[in-house]
Amino acid sequence: MTLPKNYLTYENRRHGMDHDLYSFSPLFDRAPVTWPSSKKVALWITVALEYFPLVPNEGPFKAPGHMVTPYPDYRTYTTRDYGNRVGIFRILKVLETLGIKASIPMNAALAERYPSLLSEIVAGGHEIVAHSIDMNSLHYGGMDIDVERSQITQSLDTLRTLSGQSITGWVSPARSQSENTLALLAEAGLAYQADWVNDDMPYVMKTDKGKIVSMPHTMELEDRHLLVNLGQNEDVYQEQILEAFDCFQKESSSHGGRLLHLNLTPYVIGQPWRIQALKQVLKSLIDSNDIWTATGHEIMSCWKEQQ
Amino acid sequence: MKPDPELYDYWPYKNRPKIVWPEGKKVAFWVAPNIEFYELNPPVNPQRKAWPRPYPDITPYSYRDHGNRVGHWRLMDIMDEFGIRGSVSLSVAMCQHHPEIVEACQNRNWEFFSHGIYNTRYIYGMDEDQERSILEDSIKTVEAATGQRIKGYLAPALTHTEKTIDLLAEYDFWYSCDLFQDDQPQPLITSHSDKKLISMPYSLEVNDHYAFNVYGQSARQYADLLKRQFDQLLEEGAESGTVMCIPLHAYLIGRSHRIGPFREVLDYITAHKDDVWVTTAAEIAEFYRETYYDTAVEDIKKYKKGVSV
């Protein structure tokens, strides 16, 4: 079996990226930014609130965390629901104790199903981030553009109405995007999205419908990735977050404010035996006195004003 | 297809002719940053899919792009600190996409070897002419960008044909990092024995990809593992010189939570000044070809079937 001739032609072999979504920009070449009160590191916490329907989508793949066994997969469904009933309240309590305002990517369906959960979050001063409709509402290459546009619109309409917040940020289920997602998000007037994992600081993405900021999503320090996918323990989870902070703290002295993002998953870090690990590590960060804790919108706005 | 790759003969680790590295050093130590470009929308190779999800599969793509935007610069900084020159496993299309990175390495007198054109173009299924064009493109592109004639090869995404190793000898490569059967260099069997192609110890087991994404280790566990690897190879290196390579990917080791523990590894290894030859793969290959290649070929003959030892 020989490969076709086009396997050795390289249409996009040129200076910069192999697409037009953003420019190549080495982190250490950029102008430094200054956070409020000249804090060295901005701490951005996101807590994903996801609704996994008992009947999964047909689509090209299932979002991580979705049903595993044949229908009805009660074990997975209820484990995820545990996060939204119990785990999230443990996390919110830790955040409240430490005075941290987080950003909450929330499926619109969950806001409709559990209005009291939404109220609790809004009352706590946290930012709601649009997270499409539910974990079946994937955004993926080849999907119909009108279907995708209506998923975005429906998500934003629902969350804006129910939360009373303006909602400027977006995270896609499974962090998956289609070839049109960025343009549709810009068209919908969103200021930032956090699906791409290629940077430690915000940067600008270009679409046919205008610009949108990419906020860093640190998959490598996410609780689900370390504790579930890689099977690490809570001590090692804390240790690595503190290593990251240490690195950013050092870099900030010569390169300006840095950004530490932590994504939390209620059904993972919200377990009784894990929640103290979260509290300890966040307390260590806060106690350093070098941290500015803020929502995604606040960090993005502060960064944008300095560009 | 054949049951044995037929690229080297069995050669037991015990009782080999003693290797002593320059200035009496026991371990030849080299660092191999893989500087790679992955395409968002590569053509399909029927034997291997580049990305699991439909185009655009932005998660694994952007995960790797982090290395070029962020991680590489952190890694280069700590290598500078300990005076370590990298031997770069280069997706040669980096010369077009990000010459900024290639130049930064070139300015530090780092070595480049070929890791294919892109790490999303696999060699599986290529005919001989196609595979030749990959090697010719690699030699020409890196020479045009840096003036260096590449001496080494690591197939893109470790994808090979039965012809790969033979072609490396024909094109005057000195070493291949594609085979993992040893902790010392050794001659490879090709139809061009006069070319002296050797197998260079590279290692998957201490590769950051294996540590982090296969074995799920933490940054500090990986750092401890590397120190133990070094301690053992140093001990054995007194008997006969060993090679230790640390193969790296900036999108893994260059993360904020890993660079600190890894810096300690470089500090630890380079502190053994009297015993460690901090060098590049091409320098190891050159020294070995000149000093030990012929001795090794003779010694290996002792273990051929039917020859009594």
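Residues numbered from 1 in each chain as written. Chains lettered and ligands numbered in written order. Predicted model: local features only at pLDDT ≥ 70, side-chain atom pairs only at ≥ 80, totals over all residues. Heavy atoms only, no water.

Focus: the interface of chain A and chain B
Interfaces are often sized by the accessible area lost when the parts come together.
Part 1 of the argument: Counting residues at the interface gives 56 residues for chain A and 63 residues for chain B.
Part 2 of the argument: For the pair chain A and chain B, the two sides together bury roughly 4800 Å², of which 57% comes from carbon and sulfur.
Part 3 of the argument: Broken down residue by residue, the surface that chain A buries against chain B is led by A:Tyr7, A:Arg13 and A:Glu220, which jointly contribute 17%.
Part 4 of the argument: Linking chain A with chain B are seven salt bridges.
Part 5 of the argument: Its salt-bridge partner being A:Glu251, residue B:Arg74 comes within 2.4 Å of it at the nearest N-O pair.
Part 6 of the argument: Our count for the chain A to chain B interface comes out at 33 residue pairs in polar contact (both at pLDDT 80 or more).
Part 7 of the argument: Residues that form the side of chain A that touches chain B fall into these classes: 26 nonpolar, 17 polar and 13 charged. (Contact = heavy atoms within 4.5 Å. Buried area = accessible area lost by both parts, 1.4 Å probe. Salt bridge = Lys/Arg side-chain N within 4 Å of Asp/Glu carboxyl O. Polar contact = N/O pair within 3.5 Å; in protein donor to acceptor, adjacent residues only side chain to side chain. Nonpolar A, V, L, I, M, F, W, Y, C, P; charged D, E, K, R; others polar.)

Things to note about the packing of aromatic side chains
Part 1 of the argument: Applying the stated criterion across every chain, the model contains 24 aromatic pairs over all chains.
Part 2 of the argument: With a centroid separation of 5.4 Å and an interplanar angle of 40 degrees, the aromatic rings of A:Trp35 and A:Trp292 are classed as tilted. Of this pair, A:Trp35 sits in the segment before strand E1 (41-47) while A:Trp292 sits in strand E9 (residues 291-293); the two residues are 257 residues apart in sequence, bridging distant segments of the chain. For the residue pair A:Trp35 and A:Trp292, the accessibility class agrees, reading buried in each case.
Part 3 of the argument: Taking 5.8 Å as the distance between ring centres and 70 degrees as the angle between the ring planes, the aromatic pair formed by B:Trp277 and B:Phe287 counts as edge-to-face. A residue pair is termed long-range when its members are at least 10 positions apart, and B:Trp277 in strand E9 (residues 276-278) and B:Phe287 in helix H10 (residues 281-291) qualify at 10 residues.
Part 4 of the argument: A relative accessible area of 14% places B:Trp277 in the buried class.
Part 5 of the argument: The structure contains a cluster of three or more aromatic residues connected by ring pairs, namely B:Trp21, B:Trp277, B:Phe287, B:Tyr288 and B:Tyr292. (Phe/Tyr/Trp six-rings, centres within 6.5 Å; stacked < 30°, edge-to-face > 60°. Helix = DSSP H or I, 4+ residues; strand = E, 2+ residues; numbered from the N terminus. Buried < 20%, exposed > 50% of the residue type's maximum accessible area, 1.4 Å probe, protein only.)

Side note on the UniProt feature "domain: NodB homology" (unreviewed entry) in chain B
Part 1 of the argument: This chain's UniProt record puts "domain: NodB homology" (unreviewed entry) on residues 65-173 of chain B.
Part 2 of the argument: Secondary structure content for residues 65-173 of chain B is 51% helix and 9% strand, and the end C-alpha separation is 29 Å. (UniProt positions renumbered as here; feature names shortened; annotations may be inferred.)

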